[in-house]
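Summary of the model geometry
One-letter residues, chain by chain:
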Amino acid sequence: MNIVFILGTAGSGKSELTGAFTNWLQLQGENVIAVNLDPGATIVPYPASVDARDYIQVNAIMENYSLGPNGGLVLACDMLIDIIDKLAFEVDSFGADLAIIDTPGQMELFAFRNTGAKIAEGMIGDSKAIIYLFDSVYCRDPLNYVMNMFIASAINTRFLLPQVSVLSRSDLLKDEELEEILGWSEDPELLEKAIDERLTGTNKMISSDMLDIIYRLGLDFFPGPVSSKSNEGFSWLYSELLRVLTGGEPLTP
Ligand SMILES: Nc1nc2c(ncn2[C@@H]2O[C@H](COP(=O)(O)OP(=O)(O)OP(=O)(O)O)[C@@H](O)[C@H]2O)c(=O)[nH]1
Ligand SMILES: [Mg+2]
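As a starting point, this report considers the structure included with it. Being a predicted model, the structure only gives us computed values, none of them experimental.

Right, let's get into the side chain of Ser153. For Ser153, the position within the fold is in helix H8 (residues 142–159). Judged by relative accessible area, Ser153 falls into the buried class, the value being 5%. Aside from chain neighbours lying at most four places away, what touches Ser153 is Ile214, Leu219 and Phe221.

Structure follows, in C-alpha coordinates:
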(Lines give C-alpha, C1' and ligand atoms only; values in the text may rest on other atoms or scores of the structure.)
(Ligands and ions follow the chains in the order given, each with its own letter.)
Protein backbone atom coordinates (compact mmCIF):
# COMPACT_ATOMS: atom_id res chain seq x y z
CA MET A 1 0.00 0.00 0.00
CA ASN A 2 1.09 3.57 -0.72
CA ILE A 3 0.35 6.41 1.67
CA VAL A 4 -0.23 10.08 0.86
CA PHE A 5 -0.62 12.73 3.56
CA ILE A 6 -2.51 15.93 2.71
CA LEU A 7 -1.00 18.85 4.62
CA GLY A 8 -1.81 22.56 4.53
CA THR A 9 -2.75 25.54 6.64
CA ALA A 10 -6.21 25.72 8.28
CA GLY A 11 -8.98 25.92 5.69
CA SER A 12 -6.67 25.38 2.69
CA GLY A 13 -8.94 22.63 1.34
CA LYS A 14 -7.38 19.43 2.75
CA SER A 15 -10.63 17.66 3.53
CA GLU A 16 -12.37 18.62 0.26
CA LEU A 17 -9.32 17.47 -1.71
CA THR A 18 -9.12 14.19 0.21
CA GLY A 19 -12.75 13.48 -0.69
CA ALA A 20 -12.80 14.74 -4.28
CA PHE A 21 -9.44 13.24 -5.29
CA THR A 22 -10.22 9.86 -3.68
CA ASN A 23 -13.51 9.78 -5.54
CA TRP A 24 -11.83 10.78 -8.83
CA LEU A 25 -9.13 8.11 -8.44
CA GLN A 26 -11.79 5.49 -7.71
CA LEU A 27 -13.52 6.47 -10.97
CA GLN A 28 -10.18 5.87 -12.75
CA GLY A 29 -10.37 2.32 -11.37
CA GLU A 30 -7.82 2.77 -8.59
CA ASN A 31 -8.24 0.95 -5.28
CA VAL A 32 -8.05 3.98 -2.97
CA ILE A 33 -9.35 4.75 0.51
CA ALA A 34 -9.74 8.06 2.34
CA VAL A 35 -8.62 8.32 5.96
CA ASN A 36 -9.46 11.09 8.44
CA LEU A 37 -6.62 11.74 10.89
CA ASP A 38 -8.10 15.04 12.09
CA PRO A 39 -9.56 14.26 15.54
CA GLY A 40 -10.99 17.80 15.72
CA ALA A 41 -13.03 17.66 12.51
CA THR A 42 -16.73 18.37 13.01
CA ILE A 43 -17.70 17.58 9.43
CA VAL A 44 -15.78 15.11 7.26
CA PRO A 45 -17.02 15.66 3.68
CA TYR A 46 -16.28 12.12 2.41
CA PRO A 47 -16.81 8.53 3.54
CA ALA A 48 -13.71 7.89 5.69
CA SER A 49 -12.65 4.24 5.72
CA VAL A 50 -10.69 4.93 8.91
CA ASP A 51 -11.52 7.86 11.21
CA ALA A 52 -9.36 9.09 14.12
CA ARG A 53 -12.53 10.35 15.82
CA ASP A 54 -13.56 6.74 16.46
CA TYR A 55 -10.57 6.57 18.83
CA ILE A 56 -10.13 10.10 20.14
CA GLN A 57 -12.76 12.70 21.01
CA VAL A 58 -11.39 16.24 21.33
CA ASN A 59 -14.40 17.47 23.33
CA ALA A 60 -13.83 14.83 26.00
CA ILE A 61 -10.11 15.68 26.12
CA MET A 62 -10.86 19.41 26.54
CA GLU A 63 -13.19 18.61 29.43
CA ASN A 64 -10.97 16.04 31.14
CA TYR A 65 -7.79 18.14 30.94
CA SER A 66 -9.43 21.62 31.21
CA LEU A 67 -8.03 22.68 27.84
CA GLY A 68 -9.28 25.06 25.17
CA PRO A 69 -9.87 23.96 21.56
CA ASN A 70 -6.25 24.42 20.41
CA GLY A 71 -4.66 22.81 23.46
CA GLY A 72 -7.24 20.02 23.19
CA LEU A 73 -6.30 19.36 19.59
CA VAL A 74 -2.57 19.36 20.29
CA LEU A 75 -3.06 16.79 23.06
CA ALA A 76 -5.42 14.79 20.83
CA CYS A 77 -2.71 14.61 18.15
CA ASP A 78 -0.11 13.56 20.73
CA MET A 79 -2.56 10.81 21.72
CA LEU A 80 -2.77 9.73 18.08
CA ILE A 81 0.88 8.72 18.37
CA ASP A 82 -0.04 6.32 21.22
CA ILE A 83 -2.59 4.52 19.03
CA ILE A 84 -0.74 4.82 15.73
CA ASP A 85 -0.10 1.05 15.53
CA LYS A 86 -3.84 0.38 15.81
CA LEU A 87 -4.66 3.05 13.19
CA ALA A 88 -1.93 1.82 10.85
CA PHE A 89 -3.21 -1.77 11.15
CA GLU A 90 -6.77 -0.66 10.43
CA VAL A 91 -5.68 1.31 7.33
CA ASP A 92 -3.50 -1.56 6.12
CA SER A 93 -6.32 -4.10 6.61
CA PHE A 94 -8.26 -2.55 3.71
CA GLY A 95 -5.61 -3.88 1.32
CA ALA A 96 -5.98 -0.80 -0.91
CA ASP A 97 -3.22 0.38 -3.26
CA LEU A 98 -3.36 3.92 -1.89
CA ALA A 99 -4.58 5.58 1.30
CA ILE A 100 -5.14 9.36 1.17
CA ILE A 101 -4.81 10.79 4.65
CA ASP A 102 -6.50 14.03 5.71
CA THR A 103 -4.73 15.85 8.57
CA PRO A 104 -5.49 18.66 11.06
CA GLY A 105 -4.98 22.31 10.04
CA GLN A 106 -2.71 23.12 12.99
CA MET A 107 0.47 23.39 10.95
CA GLU A 108 2.76 23.70 13.96
CA LEU A 109 2.14 20.02 14.67
CA PHE A 110 3.60 19.12 11.30
CA ALA A 111 6.05 21.90 10.48
CA PHE A 112 7.49 22.77 13.88
CA ARG A 113 6.96 19.72 16.09
CA ASN A 114 7.70 16.05 15.68
CA THR A 115 4.08 14.87 16.00
CA GLY A 116 3.33 14.64 12.29
CA ALA A 117 6.59 12.93 11.39
CA LYS A 118 5.99 10.29 14.10
CA ILE A 119 2.48 9.66 12.77
CA ALA A 120 3.88 9.36 9.22
CA GLU A 121 6.54 6.92 10.37
CA GLY A 122 3.93 4.81 12.14
CA MET A 123 1.79 4.20 9.06
CA ILE A 124 2.51 1.02 7.10
CA GLY A 125 3.34 1.75 3.47
CA ASP A 126 5.61 0.68 0.62
CA SER A 127 5.98 4.33 -0.37
CA LYS A 128 4.84 7.51 1.34
CA ALA A 129 4.49 11.05 0.04
CA ILE A 130 3.14 14.43 1.07
CA ILE A 131 0.85 16.79 -0.78
CA TYR A 132 1.33 20.31 0.58
CA LEU A 133 -1.42 22.81 -0.21
CA PHE A 134 -0.53 26.41 -1.04
CA ASP A 135 -3.92 28.05 -0.43
CA SER A 136 -4.72 30.11 -3.56
CA VAL A 137 -6.79 32.61 -1.65
CA TYR A 138 -3.78 33.77 0.40
CA CYS A 139 -1.08 33.19 -2.21
CA ARG A 140 -2.19 36.25 -4.17
CA ASP A 141 0.01 38.18 -1.74
CA PRO A 142 3.75 37.56 -2.30
CA LEU A 143 4.37 37.64 1.48
CA ASN A 144 1.93 34.77 2.04
CA TYR A 145 3.33 32.90 -0.95
CA VAL A 146 6.82 33.05 0.57
CA MET A 147 5.44 32.03 4.00
CA ASN A 148 3.92 28.97 2.32
CA MET A 149 7.29 28.16 0.76
CA PHE A 150 8.79 28.43 4.24
CA ILE A 151 6.22 26.06 5.79
CA ALA A 152 6.65 23.65 2.86
CA SER A 153 10.44 23.73 3.46
CA ALA A 154 9.98 23.08 7.19
CA ILE A 155 7.75 20.09 6.40
CA ASN A 156 10.25 18.85 3.86
CA THR A 157 13.14 18.86 6.32
CA ARG A 158 11.05 17.24 9.06
CA PHE A 159 9.37 14.45 7.12
CA LEU A 160 12.11 13.70 4.57
CA LEU A 161 9.44 12.34 2.22
CA PRO A 162 8.79 13.17 -1.44
CA GLN A 163 6.57 16.22 -1.59
CA VAL A 164 4.15 17.48 -4.23
CA SER A 165 3.02 21.11 -3.97
CA VAL A 166 -0.51 22.04 -4.95
CA LEU A 167 -2.09 25.46 -5.44
CA SER A 168 -5.41 24.52 -3.83
CA ARG A 169 -8.86 26.06 -4.45
CA SER A 170 -7.47 27.40 -7.74
CA ASP A 171 -10.98 28.06 -9.10
CA LEU A 172 -11.18 30.99 -6.68
CA LEU A 173 -8.42 32.83 -8.58
CA LYS A 174 -8.96 35.12 -11.57
CA ASP A 175 -6.99 34.07 -14.67
CA GLU A 176 -4.48 36.89 -14.28
CA GLU A 177 -3.94 36.08 -10.58
CA LEU A 178 -3.30 32.43 -11.40
CA GLU A 179 -0.86 33.40 -14.12
CA GLU A 180 1.04 35.70 -11.78
CA ILE A 181 1.40 33.02 -9.07
CA LEU A 182 2.50 30.40 -11.61
CA GLY A 183 5.05 32.92 -12.88
CA TRP A 184 6.47 33.26 -9.34
CA SER A 185 6.96 29.49 -9.06
CA GLU A 186 8.69 29.25 -12.42
CA ASP A 187 10.88 32.34 -12.27
CA PRO A 188 12.40 33.48 -8.94
CA GLU A 189 13.10 36.90 -10.45
CA LEU A 190 9.37 37.53 -10.94
CA LEU A 191 8.76 36.70 -7.28
CA GLU A 192 11.59 38.98 -6.19
CA LYS A 193 10.13 41.74 -8.36
CA ALA A 194 6.67 41.30 -6.78
CA ILE A 195 8.21 41.44 -3.30
CA ASP A 196 10.08 44.56 -4.25
CA GLU A 197 7.08 46.32 -5.78
CA ARG A 198 4.24 45.21 -3.52
CA LEU A 199 5.76 44.87 -0.06
CA THR A 200 7.30 47.44 2.23
CA GLY A 201 9.37 47.61 5.43
CA THR A 202 9.82 44.49 7.55
CA ASN A 203 7.56 42.35 5.33
CA LYS A 204 9.72 43.10 2.34
CA MET A 205 12.91 42.31 4.25
CA ILE A 206 11.57 39.06 5.75
CA SER A 207 10.21 37.80 2.41
CA SER A 208 13.37 38.63 0.57
CA ASP A 209 15.70 37.04 3.15
CA MET A 210 13.49 33.99 3.56
CA LEU A 211 13.43 33.45 -0.17
CA ASP A 212 17.19 33.63 -0.21
CA ILE A 213 17.44 30.91 2.46
CA ILE A 214 14.91 28.66 0.70
CA TYR A 215 16.83 28.89 -2.58
CA ARG A 216 20.11 28.26 -0.76
CA LEU A 217 18.59 25.05 0.66
CA GLY A 218 18.09 24.02 -2.95
CA LEU A 219 14.37 23.47 -2.48
CA ASP A 220 12.01 24.02 -5.40
CA PHE A 221 8.25 24.21 -5.20
CA PHE A 222 6.10 24.33 -8.29
CA PRO A 223 2.56 24.30 -6.89
CA GLY A 224 0.26 22.99 -9.60
CA PRO A 225 -3.26 24.49 -9.67
CA VAL A 226 -5.89 22.08 -8.37
CA SER A 227 -9.59 22.57 -7.67
CA SER A 228 -11.75 20.15 -5.73
CA LYS A 229 -14.83 21.85 -7.18
CA SER A 230 -13.96 21.45 -10.89
CA ASN A 231 -11.39 18.59 -10.59
CA GLU A 232 -8.94 20.85 -12.44
CA GLY A 233 -5.38 19.55 -12.06
CA PHE A 234 -6.38 16.06 -10.86
CA SER A 235 -4.74 14.31 -13.87
CA TRP A 236 -1.55 16.25 -13.25
CA LEU A 237 -1.64 15.43 -9.51
CA TYR A 238 -2.21 11.74 -10.29
CA SER A 239 0.86 11.60 -12.55
CA GLU A 240 2.99 13.51 -10.02
CA LEU A 241 1.99 11.05 -7.30
CA LEU A 242 2.77 8.06 -9.50
CA ARG A 243 6.16 9.61 -10.26
CA VAL A 244 7.11 10.04 -6.59
CA LEU A 245 5.45 6.87 -5.24
CA THR A 246 6.22 4.23 -7.86
CA GLY A 247 8.62 5.91 -10.28
CA GLY A 248 5.77 6.26 -12.77
CA GLU A 249 4.55 2.63 -12.61
CA PRO A 250 0.83 1.95 -12.04
CA LEU A 251 -0.35 1.82 -8.41
CA THR A 252 -1.78 -1.66 -8.82
CA PRO A 253 1.18 -4.07 -8.88
N1 LIG B 1 -14.10 27.13 -4.46
C2 LIG B 1 -13.48 26.14 -3.79
N3 LIG B 1 -13.69 25.98 -2.48
C4 LIG B 1 -13.06 24.97 -1.84
C5 LIG B 1 -12.18 24.07 -2.52
N6 LIG B 1 -11.70 23.19 -1.61
C7 LIG B 1 -12.25 23.53 -0.42
N8 LIG B 1 -13.07 24.60 -0.55
C9 LIG B 1 -13.84 25.26 0.51
O10 LIG B 1 -12.91 25.85 1.40
C11 LIG B 1 -13.35 25.67 2.77
C12 LIG B 1 -12.29 24.88 3.54
O13 LIG B 1 -12.17 23.59 2.95
P14 LIG B 1 -11.76 22.31 3.79
O15 LIG B 1 -11.58 21.20 2.85
O16 LIG B 1 -12.66 22.11 4.95
O17 LIG B 1 -10.33 22.83 4.34
P18 LIG B 1 -9.39 22.08 5.40
O19 LIG B 1 -7.99 22.39 4.99
O20 LIG B 1 -9.77 20.66 5.54
O21 LIG B 1 -9.74 22.89 6.74
P22 LIG B 1 -9.33 22.49 8.27
O23 LIG B 1 -9.50 21.01 8.39
O24 LIG B 1 -10.30 23.27 9.08
O25 LIG B 1 -7.92 22.94 8.44
C26 LIG B 1 -14.71 24.97 2.66
O27 LIG B 1 -15.69 25.95 2.69
C28 LIG B 1 -14.66 24.28 1.32
O29 LIG B 1 -15.93 24.11 0.75
C30 LIG B 1 -11.99 24.26 -3.92
O31 LIG B 1 -11.23 23.55 -4.62
N32 LIG B 1 -12.66 25.31 -4.50
MG1 LIG C 1 -10.23 19.53 7.25
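Turning to the site of ligand 1, a few remarks are in order. Not every one of the 15 residues close to ligand 1 is listed here, only the nearest: Lys14, Ser15, Glu16, Asp171 and Ser228. Within the backbone of Glu16, one N or O atom sits 2.8 Å away from an oxygen atom of ligand 1. The residue inventory of the shell around ligand 1, partitioned by class, reads two nonpolar, seven polar and six charged.

Moving on, we come to the pairing of strand S2 (residues 32–36). Along S2, five of the five residues are buried, which leaves the element largely enclosed by surrounding structure. Along S2, one buried face is formed by Val32, Ala34 and Asn36 and the opposite face, lined by Ile33 and Val35, is buried too. Where S2 lies against strand S4 (residues 98–102), five bridges are found, and the strand directions are parallel. Its bridge partner being in S4, Val32 is matched across the sheet by Leu98. Note: S2 against strand S3 (residues 50–51), two bridges, orientation parallel. Among the inter-strand pairings, Val35 is bridged to a residue of S3, identified as Val50.

On to a negative patch on the surface. A cluster of acidic side chains, namely Glu186, Asp187, Glu189 and Glu192, defines a negative patch on the protein surface. Relative to the assigned elements, Glu192 resides in helix H10 (residues 188–198). Assessed through its relative accessible area of 40%, Glu192 is described here as partly exposed.

Now for helix H1 (residues 14–27). With 14 residues, H1 extends 20 Å between its outermost C-alpha atoms, agreeing within 8% with the 20 Å of an ideal straight helix rising 1.5 Å per residue. Those residues of H1 that sit buried are Lys14, Leu17, Thr18, Gly19, Ala20, Phe21, Thr22, Trp24 and Leu25.

With the rule as written, the count across this model stands at eight aromatic pairs. What links up through ring pairs into an aromatic cluster is the set Tyr132, Phe134, Tyr145, Trp184 and Phe221.

Let us look at helix H4 (residues 84–92). Restricting attention to buried positions, one finds in H4 the residues Ile84, Leu87, Ala88 and Val91. Taken end-on, H4 shows its buried residues confined to a sector of 100°, consistent with a single buried face. Facing away from the buried surface of H4 by more than 90 degrees, the exposed residues are Asp85, Lys86 and Phe89.

Phi is positive for Arg169, which is not a glycine, with a value near 55°. Assignment of secondary structure puts Arg169 in the loop between strand S6 (163–168) and helix H9 (175–186). Overall, the relative accessible area of 28% leaves Arg169 in the partly exposed class. A positive phi is found at Asn231, a non-glycine position, where the angle reads about 65°. Residue position: Asn231 is located in the loop between strand S7 (224–225) and helix H12 (234–246).

Packing of H9 against H10 leaves a shortest axis separation of 5 Å and a crossing angle of 120°. Considering their axes alone, H9 and H10 lie oblique with respect to each other. The segment H9 lies against H10, with Glu180, Gly183, Trp184 and Glu186 engaging Pro188, Leu190, Leu191, Ala194 and Arg198. Its residues assigned to classes, the contact of H9 with H10 comprises five nonpolar, one polar and three charged.

Inspection of the entire model under this criterion finds nine salt bridges. Across the pair Arg113 and Asp78 runs a salt bridge, and its minimum N-O distance is 3.4 Å. With Arg113 in the loop between helix H5 (108–112) and helix H6 (115–122) and Asp78 in helix H3 (residues 69–82), the pair connects residues that are 35 residues apart, well separated along the chain. One salt bridge connects Asp196 with Lys204, and the closest N-O pair in it is separated by 3.4 Å.

So, how was this worked out
- Here the residue numbers are simple positions, counted from 1 along each chain's written sequence.
- Written order determines the labels here, with chains lettered from A and ligands numbered from 1.
- A pLDDT threshold of at least 70 governs which residues receive local features in this predicted model, and a stricter bar of 80 or more applies before side-chain atom pairs are shown or counted, although totals over entire chains, interfaces and linings include all residues.
- The side-chain figures draw on all heavy atoms in the structure; neither hydrogens nor water molecules are used.
- Going along the chain from the N terminus, every DSSP run of H or I of four or more residues is numbered as a helix, and every run of E of two or more is numbered as a strand.
- Type-normalised accessible area, obtained with a 1.4 Å probe on protein chains alone, sets the label of each residue: buried when under 20%, exposed when over 50%, and partly exposed for intermediate values.
- Here a residue-residue contact requires only that any non-hydrogen atoms of the pair lie within 4.5 Å.
- The nearness test applies per residue and asks whether one of its heavy atoms lies within 4 Å of the molecule or strand.
- By the criterion applied in these results, polar contacts are pairs of N or O atoms within 3.5 Å in which, for protein atoms, one can donate a hydrogen and the other can accept it, and in which residues neighboring in sequence qualify only through two side-chain atoms.
- Charged means Asp, Glu, Lys or Arg here, nonpolar means Ala, Val, Leu, Ile, Met, Phe, Trp, Tyr, Cys or Pro, and polar covers whatever is left, Gly included.
- Two strands are said to pair when DSSP picks up at least two bridges between them.
- For patch detection, residues must exceed 30% relative accessible area and be free of salt bridges, and they are connected within 9 Å for like charges or within 5 Å for nonpolar side chains (Val, Leu, Ile, Met, Phe, Trp, Tyr).
- Areas reported as accessible are Shrake-Rupley estimates using a 1.4 Å probe. Residue values count occlusion only from the protein chains shown.
- Here, a salt bridge means any side-chain nitrogen of Lys or Arg that lies within 4 Å of a carboxyl oxygen of Asp or Glu.
- None of His or the chain ends enter the tally, which takes Lys and Arg as positive and Asp and Glu as negative.
- Here the site of a charge means atom NZ of a Lys, CZ of an Arg, CG of an Asp or CD of a Glu.
- Each residue after the first adds 1.5 Å to the expected span of a helix.
- Any Phe, Tyr or Trp ring, taking Trp's six-membered ring, that has another such ring centre within 6.5 Å forms a pair; planes under 30 degrees apart are called stacked, those over 60 apart edge-to-face, and the others tilted.
- Throughout, the arc means the angular range of directions from the helix axis out to the C-beta atoms.
- Axis lines are fitted to C-alpha atoms, over the contacting stretch for helices. Their N-to-C directions set the angle, which ranges from 0 to 180 degrees.
- Any angle that is under 35 degrees is reported as roughly parallel, and any over 145 degrees as roughly antiparallel; angles of 65 to 115 degrees are reported as roughly perpendicular and all others as oblique.

This is a description of form; function is not addressed.
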